[in-house]
Amino acid sequence: MRRLRCVVGRLPGGRIGVADLDPSGTELRRLTLDPEELPALIAQREETPGDPLTGGPRWVWSDTPTWYDSVLRSGVRAGRCHDLRLVHTILQHSQLVQEPADIRAAIAWETGPIVPAESRPAEATLFDLEAGSSGPGSVPHDLDAALAELARQDRAIGTSTDPGRLRLLAAAESAGALVAAEMHGAGMPWDVAEHDRILAEALGPRPSPGQAPSRMVEVAAEVRAALGDPLVSLDSPPKLLRALHRAGIDVASTSQWELSEQEHPAIEPLLRYKKLSRLLTANGWTWIDEWVREGRYRPLYIPGGVVTGRWASNGGGALQIPRQLRPALRADPGWRLVGADVSQLEPRVLAAMAGDQAMAAAAAGQDLYAGIVASGVVTTRQEAKVGVLGALYGGTSGDSGRIVPRLRTTFPAAMGLVDAAAATGERGGDVSTWLGRSSPPADQEWRQRQNSAYLPDADPREGERARRIARDRGRFTRNFVVQGTAAEWALAWLAGLRLRLARLPMLDDASAPASGPAFSRQAHLAFFLHDEVIVHAPQEQADAAAQAIREAADAAGELLFPGSPVDFPLDLQISDRSGKG
DNA sequence: CGACACTGCGCG
DNA sequence: AAAGCGCGCAGTGTCG
């Protein structure tokens, strides 16, 4: 059953048009309204007693943040959407699309990764729908342009080799855009006092501006004493490297993995100094001042920001918050954090895609690596992990180089799939995820190097270089199919979770400080990181939220891989703080 | 002074 | 300078 679609776009003169389309694409009616009337219209159309958000139409618009942020600020949520910009990006390169000419010709929709207009807490008043909004980094917001692009996308999907998969991908990607906008609106509940406590414990109390924290000063002195160099800068890699050489420490770089292999009294304090320095510069007091407002950290999430389909983020390094600071992610009083991550998502996705019976059997328990040990191909969990990561990333040497060939005999279908993806990439071909997102074509320079390496008078070093970058691309495409399909699974998980949470009752009075009307009275997503979600839930909804997370994971598996024996077990905790169950 | 490249390290 | 994928961000250094 295909639902009603409501295409939203700008009209000449600053009004907004909403065109209702039946499943065949025929326009049934058209409304005209002022921009500030849009939230009310959406609220009215979403209103389905007892089934909030799930019974409404699919809103079609140029770009989700452009239209949806203001709607959200009015306290209104949309159930489903179709983000023309994101779907355009997918269809443009998808190998499943057999007639890409129209889509590719619509260059106005070719935006690449979005340029965050304003990621600082201030926020621009969305409808900056003036001239210039069709420049680079933007898309056409007019209703006519949206209708034309939607028609192109419908045709591209309808004539593709697998319309079902591309429709699912379009819906999942677009649902991700709704989640991203909502998570930005809600923010992560951030406990500044706890963050400060963690910093002070590691670094000493907050120093006055321009001063180094006391613990760092002490550790730096230890390093300088051990190097016999009282003035050396530890913050400049070139200077530090020279100082290390003067002290007789033979390293090619100052990276921690290389330093840690050295025996010298300066190494231990230097590594400690680097840890402290990283904590201070990346997530120190300055970070708190810059990013946390009224108990909320609000990064910008960027769906489709990574070529594989993973999200990127902007503002404060949301996807790289160190584990050490996780306890600062803390529920409001009377609320709980419900956190869940998928155990070994990528190898499970690979087993399902490849239909690898042996790998599916190994995945049957909570711990896939234990299952691989049980299969007898390796003897320790560590070997299983190194081997699987080597298979996914294209490891050829060291431990993974020894173990991966053994996996080939035990899991031939799974290994065949990633090996084939690597071979295709090395040849300059493209690969696609399970739902049809395709790898970016090899660029001109890459092709140039492959061609010139085989000319009769080519320098042998050119040939070596060509083979090396060919292997580099092979590792990329090998990983692309798995990382990208895992991202699709995660989008399906998020999409299902979001709608399940929306069915939970709105509380009459939640004791939480308002973070926007739509988020202060109901369990909502607060964080997402590739294979992990955190839901911020009123205490009385915590169990229901946990149940929703589990159901959504099962549903995602069934949606992508119907009938597959591979399941996707979760590690789930309910707590007032993240980082500890 | 800004733009850019590079290093290094946090996350999955 | 990971032998093996994908990111964002801060700091340093270089160039114009």
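The shown structure was predicted, so the numbers you read here are calculated from the model rather than taken from an experiment.

**A look at the pairing of strand β12 (residues 524–528)**
Taking burial as the measure, the five residues of β12 include five buried ones, the bulk of the element. With four bridges connecting them, β12 and strand β13 (residues 532–538) associate as antiparallel partners. For Phe-527, the partnering residue across the bridge sits in β13 and is Ile-534. Between β12 and β13, which pair antiparallel and follow one another directly, the connecting turn spans three residues, one of which, His-530, has a positive phi of 65°.

**Re the protein's contact with DNA strand B**
Lining the immediate surroundings of DNA strand B are 18 residues, of which Thr-254, Gln-256, Gln-320, Arg-323 and Asp-531 lie closest. Sugar and phosphate atoms constitute 79% of the interface atoms of DNA strand B, taking the interface as everything within 4 Å of the protein. At a separation of 2.6 Å, a phosphate oxygen of DNA strand B approaches a polar side-chain atom of Thr-254. At 2.7 Å, a side-chain N or O of Asp-531 approaches a sugar or linking oxygen of DNA strand B. Top contributing element to the surface near DNA strand B by residue count: helix α11 (residues 267–283), with three residues.

**Observations concerning the protein's contact with DNA strand C**
Close contacts around DNA strand C come from 28 residues, with Ser-236, Gly-315, Gln-320, Thr-396 and Arg-475 the closest. The sugar-phosphate backbone supplies 72% of the atoms of DNA strand C found within 4 Å of the protein. Within the contact set of DNA strand C, a phosphate oxygen lies 2.6 Å away from a side-chain nitrogen or oxygen of Ser-236. Within the side chain of Gln-483, one N or O atom sits 3.2 Å away from a sugar or linking oxygen of DNA strand C. Listed by contribution, the elements that provide at least two residues to the surface near DNA strand C are α11, β10 (312–314), α17 (398–410) and α20 (460–502). By residue number, the principal contributor to the surface near DNA strand C is α20, which donates four residues. Residue classes in the surface near DNA strand C are distributed as seven nonpolar, 16 polar and five charged.

**Quick notes on the confidence of the model for chain A**
For chain A, the mean per-residue pLDDT works out to 92, and 93% of the residues sit at or above 70. Of the regions scoring below 50 in pLDDT, residues 118–136 engages in 29 contacts with residues more than four places distant in sequence or in other chains.

**A word on the packing of aromatic side chains**
All told, the structure shown has 11 aromatic pairs when counted by the stated rule. When the ring of Trp-311 is compared with that of Phe-528, the centres are 4.8 Å apart and the planes differ by 75°; the resulting orientation is edge-to-face. Pair noted here: Trp-311 is in the loop between β9 (300–302) and β10 and Phe-528 is in strand β12, with a separation of 217 residues, a long-range link. Taken individually, Trp-311 and Phe-528 each receive the classification buried, so the pair is uniform in this respect.

**Topic: empty space enclosed by the protein**
Scanning the model with the defined rule gives four cavities of 30 Å³ or more in all. As for the largest cavity, its lining consists of Arg-77, Val-179, Glu-182, Met-183, Arg-498, Leu-501, Phe-519, His-524 and Leu-525. Of all the secondary-structure elements, those providing two or more residues to the lining of the largest cavity are α6 (163–186), α20 and β12. Looking at the lining of the largest cavity element by element, the count peaks at three residues for α6.

Analysis parameters
Throughout this document, residue positions are counted from 1 along each chain, in the order its sequence is written. Key to labels: chains lettered from A, ligands numbered from 1, both in the order written. Residues qualify for local features only when their pLDDT is at least 70, as the model is predicted, and side-chain atom pairs are given and counted only at 80 or more; totals for whole chains, interfaces and linings, by contrast, use all residues. Water and hydrogen atoms were dropped before computing side-chain values, which therefore reflect all heavy atoms in the structure. A simple rule labels every residue: compare its accessible area, found with a 1.4 Å probe on the protein chains alone, to the largest value its type can have, and call it buried under 20%, exposed over 50%, or partly exposed in between. By definition, any uninterrupted DSSP run of H or I lasting at least four residues is a helix, any uninterrupted run of E lasting at least two residues is a strand, and each is numbered from the N terminus. The pairing criterion for strands is at least two bridges between them, as found by DSSP. Only heavy atoms are used to decide nearness, and a residue is near a molecule or strand if one of them lies within 4 Å of it. In protein, a polar contact means a hydrogen-donor-capable atom and an acceptor-capable atom, both N or O and within 3.5 Å, with residues adjacent in sequence counting only if both atoms are side-chain atoms; elsewhere, any N or O pair within 3.5 Å suffices. Only Asp, Glu, Lys and Arg are considered charged in this grouping, and only Ala, Val, Leu, Ile, Met, Phe, Trp, Tyr, Cys and Pro are considered nonpolar; every other residue, Gly among them, is considered polar. Per-residue confidence from the predictor is reported as pLDDT, which spans 0 to 100. Contacts were defined at the residue level, with two residues in contact if any of their heavy atoms lie within 4.5 Å. Pairing of aromatic rings covers Phe, Tyr and the six-membered ring of Trp, with a centre-to-centre limit of 6.5 Å; geometry is then stacked below 30 degrees between planes, edge-to-face above 60, and tilted otherwise. Put simply, the grid is 1 Å and covers the protein atoms alone, a cavity is a trapped set of points that fit a 1.4 Å probe, a pocket is an open set with protein on both sides within 12 Å along at least five of seven lines, and lining residues have an atom within 4 Å of a point. Grid points are joined across faces, edges and corners, and a volume is the space filled by probe spheres set on the points.

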